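Here is what each chain is made of, one letter per residue.
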Amino acid sequence: GENVEQHPSTLSVQEGDSAVIKCTYSDSASNYFPWYKQELGKRPQLIIDIRSNVGEKKDQRIAVTLNKTAKHFSLHITETQPEDSAVYFCAASILLNDMRFGAGTRLTVKP
Amino acid sequence: GAVVSQHPSWVICKSGTSVKIECRSLDFQATTMFWYRQFPKQSLMLMATSNEGSKATYEQGVEKDKFLINHASLTLSTLTVTSAHPEDSSFYICSARVQGYGYTFGSGTRLTVV
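Remember, it's a predicted structure, so these values are computed and weren't measured experimentally.

Our focus in this paragraph is the overall build of chain A. Counting its secondary structure elements, chain A contains 0 helices and 11 strands. When its helices and strands are written in sequence order, chain A yields β-β-β-β-β-β-β-β-β-β-β. Relative to the globule expectation of 13 Å for 111 residues, the C-alpha radius of gyration of chain A, 13 Å, shows essentially globular dimensions. Sorting the 111 residues of chain A into buried and exposed places 46% on the buried side. Sequence-distant contacts in chain A: of pairs separated by 6 or more residues, those separated by 24 or more amount to 53%. When the accessible surface of chain A is split by element, carbon and sulfur atoms take 47% of a total near 5600 Å². Across chain A, 13 positive and 13 negative side-chain charges occur, with their mean positions spaced 3 Å apart.

This paragraph deals with the nonpolar core. Within the largest apolar cluster, 26 residues are counted, with the highest numbers of intra-cluster contacts made by Phe28(B), Met33(B), Trp35(B), Phe67(B), Leu79(B), Tyr92(B) and Leu111(B). Breaking this core down by element, the ones donating at least two residues are strand 2 (10-13), strand 3 (19-25), strand 4 (32-38), strand 5 (45-51), strand 7 (67-73), strand 8 (76-81), strand 9 (90-98) and strand 11 (109-113) of chain B. Considering every element that reaches this core, the biggest residue donor is strand 9 of chain B, with 4 residues. Leave out the neighbours within four places in its chain, and Phe67(B) touches Arg37(B), Met47(B), Tyr58(B), Val62(B), Leu79(B), Thr80(B), Val81(B), Asp88(B) and Tyr92(B). Cys23(A), Ile48(A), Ile62(A) and Val64(A) belong to the second largest nonpolar core, which has 24 residues in total.

To continue, consider the environment of Ser5(B). All names here are of chain B. In this fold, Ser5 is placed in strand 1 (residues 4-7). Classification of Ser5 as buried rests on a relative accessible area of 18%. With 101 residues separating them along the chain, Ser5 and Gly106 place their C-alpha atoms 5.5 Å apart. The residues touching Ser5, leaving out its near neighbours within four places in the chain, are Glu22, Cys23, Arg24 and Leu26. Of note is the side chain of Ser5, whose polar atom sits 2.9 Å from the side chain of His7.

Turning to the interface of chain A and chain B, a few remarks are in order. In this complex, chain A contributes 22 residues to the contact, which on the side of chain B involves 22 residues. Both sides together, the interface formed by chain A and chain B hides about 1600 Å², and carbon and sulfur atoms give 54% of it. It is Arg43(A), Leu96(A) and Phe101(A) in chain A that bury the most area against chain B; as a group they hold 34% of the surface buried on that side. Taken together, chain A and chain B are joined by 1 salt bridge. A salt bridge links Glu59(B) to Arg100(A); the nearest nitrogen and oxygen atoms lie 2.7 Å apart. Taken together, the connections running from chain A to chain B amount to 9 residue pairs in polar contact (both at pLDDT 80 or more). For the side of chain A that touches chain B, the secondary-structure elements that each account for two or more residues are strand 4 (32-38), strand 5 (45-51) and strand 10 (100-101) of chain A. Each residue belonging to the side of chain A that touches chain B can be placed in one class, and the counts come to 10 nonpolar, 5 polar and 7 charged.

Residues and elements named next belong to chain B. Overall, the coordinates contain 2 disulfides over all chains when judged by the stated rule. The structure places no disulfide on Cys13, whose sulfur is separated from the nearest cysteine sulfur, that of Cys23, by 17 Å. Take Cys13: its relative accessible area is 8%, and that puts it in the buried class.

A word on the sheet that holds strand 7 of chain B. Residues and elements named next belong to chain B. One open sheet accounts for 4 strands, arranged 1-3-8-7; its pairing is antiparallel. Looking at which strands have only one partner, the edges of the open sheet turn out to be strand 1 and strand 7. This sheet shows a mean twist of 15° between the axes of neighbouring strands, independent of strand direction. Across 5 bridges, strand 7 lies against strand 8 in antiparallel orientation. Bridging from a neighbouring strand, Leu68 pairs with Thr80 of strand 8.

Below, the discussion takes up a nonpolar patch on the surface. A cluster of nonpolar side chains, contributed by Trp10(B), Ile12(B) and Val114(B), occupies part of the molecular surface with about 370 Å² of accessible area. Relative to the helices and strands, Ile12(B) is located in strand 2.

What counts, and at which threshold
Residues numbered from 1 in each chain as written. Chains lettered and ligands numbered in written order. Predicted model: local features only at pLDDT ≥ 70, side-chain atom pairs only at ≥ 80, totals over all residues. Heavy atoms only, no water. Helix = DSSP H or I, 4+ residues; strand = E, 2+ residues; numbered from the N terminus. Rg over C-alpha atoms; globule rule 2.2 N^0.38 Å. Buried < 20%, exposed > 50% of the residue type's maximum accessible area, 1.4 Å probe, protein only. Contact = heavy atoms within 4.5 Å. Areas by Shrake-Rupley, 256 points an atom, 1.4 Å probe, with all protein chains shown as cover. Lys, Arg positive; Asp, Glu negative; His and termini not counted. Charge placed at Lys NZ, Arg CZ, Asp CG, Glu CD. Core = buried A, V, L, I, M, F, W, Y, C linked by side-chain atoms within 4.5 Å. Polar contact = N/O pair within 3.5 Å; in protein donor to acceptor, adjacent residues only side chain to side chain. Buried area = accessible area lost by both parts, 1.4 Å probe. Salt bridge = Lys/Arg side-chain N within 4 Å of Asp/Glu carboxyl O. Nonpolar A, V, L, I, M, F, W, Y, C, P; charged D, E, K, R; others polar. Disulfide = S-S within 2.5 Å. Pairing = 2+ DSSP bridges. Axes fitted to C-alpha atoms, helices over the stretch in contact; angles between N-to-C directions. Patch = residues over 30% accessible without salt bridge, like charges linked within 9 Å, V, L, I, M, F, W, Y side chains within 5 Å.

Next up, the structure:
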């Protein structure tokens, strides 16, 4: 089955700096790659997603890139703010079937 | 749109008892529901996939007789933790597939077994 690896497990940046989180997946058939932000005890919140027919997608300060050949995708957050502090998860699925999550990255943005 | 309501949000039960968690799709038909478990500071681990009217498909290592999943209607899926033990204490969360959109999550259930 699909295996998603995520790095780093923790990331601390200064407010205003950029943050990058990287994920790799194992199943070349995966075609949907969402990123979630989760605050303690809450449900994951979708922040951006990308499908395999697109190489890059941007939404304000958040962007995701996908390299299908290398089977990796990355989340980029620019101009980070303290409220960006949370745990971020990448995930992968095939045709919206069972979705597998990465291990998570705890992002801390220091004021 | 595409809201999944999950109840209860938290529950404390005695060891050996059973607990039922419900997920209802409020404004769409959830033909497929995914059940995840999340231990503190860990990722969401898929436990099982349920399709309406069919038996659930469990992930390797998940005991189907302990975690009973029922998906008898297009708007309701339930997870029953039977004979709960302290090691079952976790955050359980459901997720429904929404055609043309992706996934929508329930709000999660914090289960504590004492």
